[in-house]
Amino acid sequence: MEDYYLKVSKGHTDRRKLKSRLMIILCYVAAAMAILPLLYIFFYTTMQGASSLNIDFFTELPKPVGESGGGMANAILGTLILVALGSVIGIPVGIFAGIYITEYSKSIFANVIKFVTDVLSGIPSIIIGIFAYGLIVIPMKSFSAYAGGFALGVLMIPTITRITEEMLKLVPHSLREAALALGIPRWKTTLRIVLRTAQSGIITGVLLAIARAAGETAPLLFTSFGNSFWSTSLDSPMASIPVQIFNYAISPYDEWHSKAWAGAFVLISLVFIVSLIVRLATRNKFSQTA
Amino acid sequence: MNKEITVGIKEIKARKKLSDLFFENLTLVFALMIIVLVVFIIYEMFMDSKLSREIFGFGFIFSQDWNPVKDKFGALTFVYGTLISSIIALAISLPVSIGVAVYLSELAANVFKTAISFLIEILAAIPSIVYGFWGIFVLAPFMRTTVQPFLQSTLGFLPIFQGNAVGFGLLTAGIILAIMVTPIITAITRDVLKAIPTSQREAAYALGATKWEAIKMALLNAKGGILGATVLGLGRAVGETMAVTMVIGNKAQIKASLFEPSYSMASVIANEFAEASGGLHISSLIEVGLILFAVTFIINSFARLLIYSFTRKTEAK
């Protein structure tokens, strides 16, 4: 009788162990599945992009179909200008809102603002494009860099707010208390001590937001639109790398495709480098506080 | 002498109070800007879609017509395309994401943990235009030559896997979305699993549980947070524009087959907005945008509430 129970429970245990092993193998498979497309996209873009990347890409204007050579210089400049415009809006609003949420967290507004920031980060970027179109393109009666930059700025806000909030939370309370105990006013404590302590984290967060904004396409389609020529005037249409990639990608010409791959490679490299900086900076941050 | 000092201190205190008040309100103004912005976005979309809302009424959502030449507009095909592609995306990415999250929080050695977390972070940051571009030239041909014929030969009796294997369509859009939302769901699920106290797993082991049984218990305890992560991923999939536009085929139709080209709410806006002629066309596109906004707003609010309440619960423990 005892033998029987022992036998049954042994079979049962074996089955449980087998199942456990199987499920854990599945988890490994899942991890491999998630990484595979990334590596594929990464290497494919690098292979395609690096081969068509040359000096002309950064210095020449786009050439019409049929003519070889040419580059995306105006789109690169355009992206820089648009991102700079976006930063003018996104960085101050994002950082100050982040300060408000953490430093004055006892107010009823803080939670509301936190929630609304989450809402803003969830709004599809194409809708921000419609918003900028109605707010700026229609009154100005023209696609413009202003509208594109504004849209990018709005998109940057939630990322920067959240990063600021998280970084300020890492600053130990004792630091604030020490400053206040010395009679330093609260605003000075926040700006000169709390913000400075969290500085590197916030800067990397801002970098991340900028890298993301540089890759945004949807909100630019009908705000900054596109331009095949040099343009630095902010009230007229302006080229940008992502929109240029889109236009080239859906065209039927091989030459344009290889230009688009080069553009995609530039964007991916940007993201990779910034992510690496963020990783290294935040790792230092943690080891410092630990 | 003593009196002078107290007066001096009072002055300093008053000045301090004033500057503190100024600073607090300055940050408040910037913070309120975010609220104003969101309110203004809603207001503007509502006003700009007025023309279309007045002409088509609620029928707009249920009409399949989309004909700019005849000025007939209805959003049903786009709602359908968005919905189905997002559901495909979740069906694929949810099991994978949970698997990766379990791997990252329970199984992986530290070196792999950092490396894979980093890779997944990058995956989340790659611009969607790059995914779309890759989709056109790599994924869609692969779907046409390999995946779709395979599905047809094995599961071809199902109506969803019938029809021409063209490569561009709902299924391809769903797969590219799955690749894009996996990092989001994975990251939150991993954090949620980390929030489950180790003592619970130890208790399970002490009772003789296998590794998987202990993990399963952690997963069950984390299900609120995982649901939140999933819904958040859904919100992202619904609003994704460029990658979907480039692989979904951009044809306004409702067909049973997942191989057929379709159209999504975000893609129709991306494709037609800049060239829209006539107020009614623009207005209808903005109304599509309004529907898209409403859907993502509800989905995201729900997700945030789930995640908030989960973190509060675990923090309370």
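Cut-offs and rules
- Residues numbered from 1 in each chain as written.
- Chains lettered and ligands numbered in written order.
- Predicted model: local features only at pLDDT ≥ 70, side-chain atom pairs only at ≥ 80, totals over all residues.
- Heavy atoms only, no water.
- Domains from an automatic or database assignment.
- Contact = heavy atoms within 4.5 Å.
- Buried area = accessible area lost by both parts, 1.4 Å probe.
- Nonpolar A, V, L, I, M, F, W, Y, C, P; charged D, E, K, R; others polar.
- Core = buried A, V, L, I, M, F, W, Y, C linked by side-chain atoms within 4.5 Å.
- Buried < 20%, exposed > 50% of the residue type's maximum accessible area, 1.4 Å probe, protein only.
- Helix = DSSP H or I, 4+ residues; strand = E, 2+ residues; numbered from the N terminus.
- Salt bridge = Lys/Arg side-chain N within 4 Å of Asp/Glu carboxyl O.

> Tell me about the domain arrangement of chain A, residues and numbers included.
Residue and element names in this part refer to chain A. The assigned domain composition of chain A is domain 1 (2-52) and domain 2 (58-289). Contacts between the two partners involve 9 residues from domain 1 and, on the opposite side, 7 residues from domain 2. By the criterion of area lost to domain 2, the three top residues of domain 1 are Phe42, Thr45 and Ser52, representing 57% of everything that side buries. Along the lines of polarity and charge, the residues of the side of domain 1 that touches domain 2 split into 4 nonpolar, 5 polar and no charged.

> Describe the domain arrangement of chain B, with residues and values.
All names here are of chain B. Per the domain assignment, the segments making up chain B are domain 1 (2-48) and domain 2 (75-316). Once you take the C-alpha centre of each, domain 1 and domain 2 turn out to be 41 Å apart. Contact residues are listed per partner, giving 4 residues for domain 1 and 5 residues for domain 2. Taken together, both faces of the contact between domain 1 and domain 2 bury some 500 Å²; the carbon and sulfur share is 84%.

> Would you mind going over the nonpolar core in detail, with residue names and values included?
Counting 182 residues, the largest nonpolar core has A:Leu120, A:Ile126, A:Phe222, A:Ile245, B:Tyr131 and B:Phe273 as the members making the most contacts within it. Top element by residues in this core is helix 7 (residues 170-195) of chain B. It accounts for 15 residues. Ignoring anything within four residues of it in the chain, the contact list for A:Ile126 reads A:Ala218, A:Phe222, B:Thr241, B:Ala266, B:Ile269, B:Ala270 and B:Leu292.

> Lay out the interface of chain B and chain A in plain terms, naming residues and giving numbers.
Between chain B and chain A, the contact holds 80 residues from the first and 84 residues from the second. Both sides of the chain B and chain A interface together cover about 7,400 Å² of buried area, and 81% of this is carbon and sulfur. Per-residue buried area on chain B facing chain A is highest for B:Phe23, B:Phe133 and B:Trp212; these three make up 10% of the total on that side. Across the chain B-chain A interface, the total number found is 3 salt bridges.

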